[in-house]
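Here's the letter readout for the chains.
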Amino acid sequence: MHRLIFRQKVGMVYHISICLSLLLLVNSAYTLADVAVTTLPKSSLVPGGIAVIPTHAGALSGRYRNQRITLANFDGEQYAIIGIPLNAEIGSQQFDLSYADGHSESLQFSIEFKEYIEQHLTISNTRQVNPNTEDMVRINRESAKMTRAFSSWDDSLTPVFSMQAPVAGIRSSSFGLKRFFNEQPRNPHSGMDIAADEGTPIYAPAPGIILTTGNYFFNGNTIIMDHGHGLISLYCHMNTIDVEPGTVIRTGDQIGRVGQTGRVTGPHLHWSVNLNNTRVDPALFLTE
C-alpha cells in the first residue's frame, strides 16, 4: 500500500513537473517575442533605409523577404524594425507577423525613391578589380563565411540602436554610392567609409560579441560583430585586429586600428551595419 501511494505521488510530481516545464516554454516564447530597447533607429523608408513600424500588437515573430525581422518593445509598444535592401522596389512592401494563438497577419509600408550619386575610384592593383581564377576561389570561400556570420541571430543580446562613430575621422564615402572601379561598374557601396590616419584606434559603437575575424581579399583585415536580434556590424581594411571571436564587447572598447588592407585607395575604416541580413545606412544609428 505504501509503495502504491509512493508511486502515485511520484507520478503526480512528474505530471506537475511536465506542466511547469510547458508553462516555462510558453512564457519563454512570449519573452523572446520582442526585446526591450531604450532607443530606436531613425526610420527612413528608402532603399537601404530602415522601416520602424508599430505593430499595435504582441507578435511572436515577423518576416520580411524570407528573413526574420527584429521585434522591439519601446516604451511599452511593439515595433517591427526592418532593414530595406538597396534593390527593393519602390512602392508598397509587405511583412508578416505570427502570434501565439497560431494566426498571422500582414502589414504594409511604402518605400520612397532615393537617388544615390556615383563615385569613381582608381585602383592600382588591377586584380582587386578583375580577380583571376585563383582569387575567385578565395573570394567565394570568404563570401560564404561572411554570409553565415550575417545570418546570425542571438536572442541573448539586447541590441542598442543608438551608436557612436567607431573612429574619429572624415566621412569619405557614404552608404549607397553607385561605384565604378577603374570605370567599371560594381555593386553599390554597402557601408560608410571614415578616413583616418593609419593606426587610429577603432572603437565598438555598441555592445556585442565578436562573431568572426579574418583577412579577406576585398575587405582586408575584418571584424564582424553580433549585437543581437539580427543586428550585425562589419569593420574592414584594418591595420590590426585587437579582439578574438567570442570576445564580449562593451561600447567604446577598442577593437582594432585603421589600416589600408584589401581593396583601398588610402587608410580608412569601412563600417557596415546589417538588419535581417540586409545592409543598411549606418548613419541611421548615429547619435550625432
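See the structure above.
These notes cover the structure that comes with them. (Residues numbered from 1 in each chain as written. Predicted model: local features only at pLDDT ≥ 70, side-chain atom pairs only at ≥ 80, totals over all residues. Heavy atoms only, no water.)

1. Looking at the overall build of the protein
Applied cut-off: For the purposes of this entry, the term helix denotes a DSSP run of H or I that reaches at least four residues, the term strand denotes a run of E that reaches at least two, and both are numbered from the N terminus. Between buried and exposed lies partly exposed: a residue is buried under 20% and exposed over 50% of the maximum accessible area for its type, with that area taken using a 1.4 Å probe on protein chains only. All accessibility values rest on the Shrake-Rupley procedure with a 1.4 Å probe; residue burial counts only the protein chains present in the view.
Assigned secondary structure in the protein consists of two helices and 21 strands. A buried classification covers 44% of the 288 residues belonging to the protein. Looking at the protein as shown, the accessible area adds up to about 14,700 Å², and 53% of this sits on carbon and sulfur atoms.

2. Structural notes on the sheet that holds strand 9 (residues 118-121)
Strands belonging to one sheet form pairs held by backbone hydrogen bonds; the direction of such a pair is parallel or antiparallel. Keep this limit in mind: When DSSP locates at least two bridges between a pair of strands, those strands are taken to pair.
In space, the three strands of this open sheet follow the order 9-11-12, with mixed pairing throughout. Looking along the sheet, the strands with just one partner apiece sit at the ends: strand 9 and strand 12 (184-185). Here strand 11 (residues 178-181) runs beside strand 12; their pairing, made up of two bridges, is antiparallel. Counterpart to Phe-180 in the pairing with strand 12 is Pro-185.

3. Quick look at helix 2 (residues 133-150)
Counted only if it meets this: Any helix carries an expected span of 1.5 Å times its number of residues minus one. In this analysis, two residues are considered to be in contact whenever any of their non-hydrogen atoms come within 4.5 Å of each other. What qualifies as a polar contact is a pair of N or O atoms within 3.5 Å, subject to a donor-acceptor requirement within protein and to the restriction that residues adjacent in sequence count only when both atoms come from side chains.
A rise of 1.5 Å per residue sets the reference length of helix 2, with its 18 residues, at 26 Å; its end C-alpha atoms lie 26 Å apart and thus fit the reference within 8%. Where helix 2 is buried, its residues touch strand 15 (208-216), strand 16 (220-228), strand 17 (231-241), strand 20 (268-275) and strand 21 (278-280). For helix 2, the N-terminal cap is Asn-132; the gap from its side-chain oxygen to the backbone nitrogen of Glu-134 is 3.1 Å.

4. What to know about the sheet that holds strand 2 (residues 50-54)
Sheet architecture is open: four strands sit in the order 1-5-6-2, paired in mixed fashion. Single-partner strands in this sheet number two, and they are strand 1 (35-36) and strand 2. Inspection of the sheet shows strand 2 paired to strand 6 (residues 77-83) by five bridges, in the antiparallel sense. Across the sheet, the residue bridging to Ile-50 is Gly-83, located in strand 6.

5. Some words on the packing of aromatic side chains
Geometry of an aromatic ring pair is reported as the spacing of the ring centres plus the angle between the planes. Convention followed: Centre distance within 6.5 Å is the pairing criterion for rings of Phe, Tyr and Trp, where only the six-membered ring of Trp is used; planes under 30 degrees apart are then read as stacked, over 60 as edge-to-face, and the remainder as tilted. A ring has a charge above it when a Lys NZ or an Arg CZ is no more than 6 Å from the ring centre and no more than 35 degrees off the ring normal.
All chains considered together, the criterion is met by six aromatic pairs. Ring centres 5.8 Å apart and planes at 50° place the aromatic pair Tyr-64 and Phe-109 in the tilted group. Taken together, the positions of Tyr-64 in strand 3 (residues 61-64) and Phe-109 in strand 8 (residues 104-111) put the pair 45 residues apart, joining distant regions of the chain. You can call Tyr-64 buried: its relative accessible area is 2%. Judged by its relative accessible area of 6%, Phe-109 is buried. Among the aromatic residues, ring-to-ring pairing joins Tyr-64, Phe-95 and Phe-109 into one connected group. A cation over an aromatic ring shows up here: Arg-279 above the ring of Phe-150, its NZ or CZ 4.4 Å from the ring centre.

6. What to know about the environment of Gly-266
Inspection of the secondary structure assignment puts Gly-266 in the loop between strand 19 (254-258) and strand 20. According to the relative accessible area criterion, Gly-266 is buried, its value standing at 16%. Measuring from C-alpha to C-alpha, the distance between Gly-266 and Ala-195 comes to 8.0 Å, with 71 residues separating the pair along the chain. In contact with Gly-266, other than residues within four places in its own chain, are Gly-259 and Gln-260.

7. What to know about the pattern of salt bridges
Test applied: In what follows, salt bridge is the name for a side-chain nitrogen of Lys or Arg lying within 4 Å of a carboxyl oxygen of Asp or Glu.
Scanning the entire structure with this criterion turns up five salt bridges. The salt bridge partner of Asp-155 is Arg-68, with a shortest N-O separation of 3.8 Å. Of this pair, Asp-155 sits in the loop between helix 2 and strand 10 (170-173) while Arg-68 sits in strand 4 (residues 67-68); the two residues are 87 residues apart in sequence, bridging distant segments of the chain. A relative accessible area of 29% means that Asp-155 is categorised as partly exposed. Given the relative accessible area of 32%, Arg-68 is considered partly exposed. Between Glu-115 and Lys-178 there is a salt bridge; the shortest N-O distance is 2.8 Å. With Glu-115 in the loop between strand 8 and strand 9 and Lys-178 in strand 11, this pair connects stretches of sequence that are 63 residues apart.

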